[in-house]
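Residue-level structure breakdown
Spelled out from the first residue to the last, the chains are:
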Amino acid sequence: VEVVPSAGALVIRALKEPVVDRKKVKHIQHDGNITMNDVYETARIMRPRSMARHFSGTVKEILGTCVSVGCTVDGEDPKDLQAQIDDGELVCPDE
């Protein structure tokens, strides 16, 4: 049995924040910044569990996770990057 962490856990790990005791500290605000390459690496790990047909869809799922975690990607809002993928301005690699 292989355990694959959730997308949120992988994004928080990419932020390289110190480990906190979740029993003592509640409602942690993650306001860091990760690179687009970190998003691609996370998407590659999550690809077998993703329902998206294309790799760009998996990348958009991870960007949505970044929105919910509260971090930015390359200094930009993840929602803007999702719109750029939709418009074809940002091209994702083929897995």
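What counts and how
- Residues numbered from 1 in each chain as written.
- Predicted model: local features only at pLDDT ≥ 70, side-chain atom pairs only at ≥ 80, totals over all residues.
- Heavy atoms only, no water.
- Axes fitted to C-alpha atoms, helices over the stretch in contact; angles between N-to-C directions.
- Helix = DSSP H or I, 4+ residues; strand = E, 2+ residues; numbered from the N terminus.
- Parallel < 35°, antiparallel > 145°, perpendicular 65-115°, else oblique.
- Left-handed = near helix turned anticlockwise from the far one by under 90°.
- Contact = heavy atoms within 4.5 Å.
- Nonpolar A, V, L, I, M, F, W, Y, C, P; charged D, E, K, R; others polar.
- Core = buried A, V, L, I, M, F, W, Y, C linked by side-chain atoms within 4.5 Å.
- Buried < 20%, exposed > 50% of the residue type's maximum accessible area, 1.4 Å probe, protein only.

Details of the packing of helix α3 (residues 55-69) against helix α4 (residues 78-87)
- Following both chains from N to C, one finds α3 and α4 inclined at 165°, their axes separated by 9 Å at the closest point. In terms of orientation, α3 lies roughly antiparallel with respect to α4. The handedness of the crossing between α3 and α4 is left-handed. Within the contact between the two elements, α3 uses Ser56, Val59, Lys60, Leu63, Gly64, Cys66 and Val67 and α4 uses Pro78, Lys79, Leu81, Gln82, Ile85 and Asp86.
- Of the residues belonging to the contact of α3 with α4, the class tally is seven nonpolar, three polar and three charged.

Thoughts on the environment of Tyr40
- Among the structural elements, Tyr40 can be located in helix α2 (residues 36-46).
- Apart from residues lying up to four places away in sequence, Tyr40 is in contact with Phe55, Val59, Val91, Cys92 and Pro93.

Topic: the nonpolar core
- Counting residues in each nonpolar core, the largest one holds 22 residues, and the members touching the most others are Ile34, Met36, Val39, Val59, Leu63 and Val73.
- Those elements that place two or more of their residues in this core are α1 (7-14), α2, α3 and α4.
- Looking at this core element by element, the count peaks at six residues for α3.
- Setting aside residues up to four positions removed in sequence, Met36 forms contacts with Val59, Leu63, Val73, Asp74, Leu81 and Leu90.

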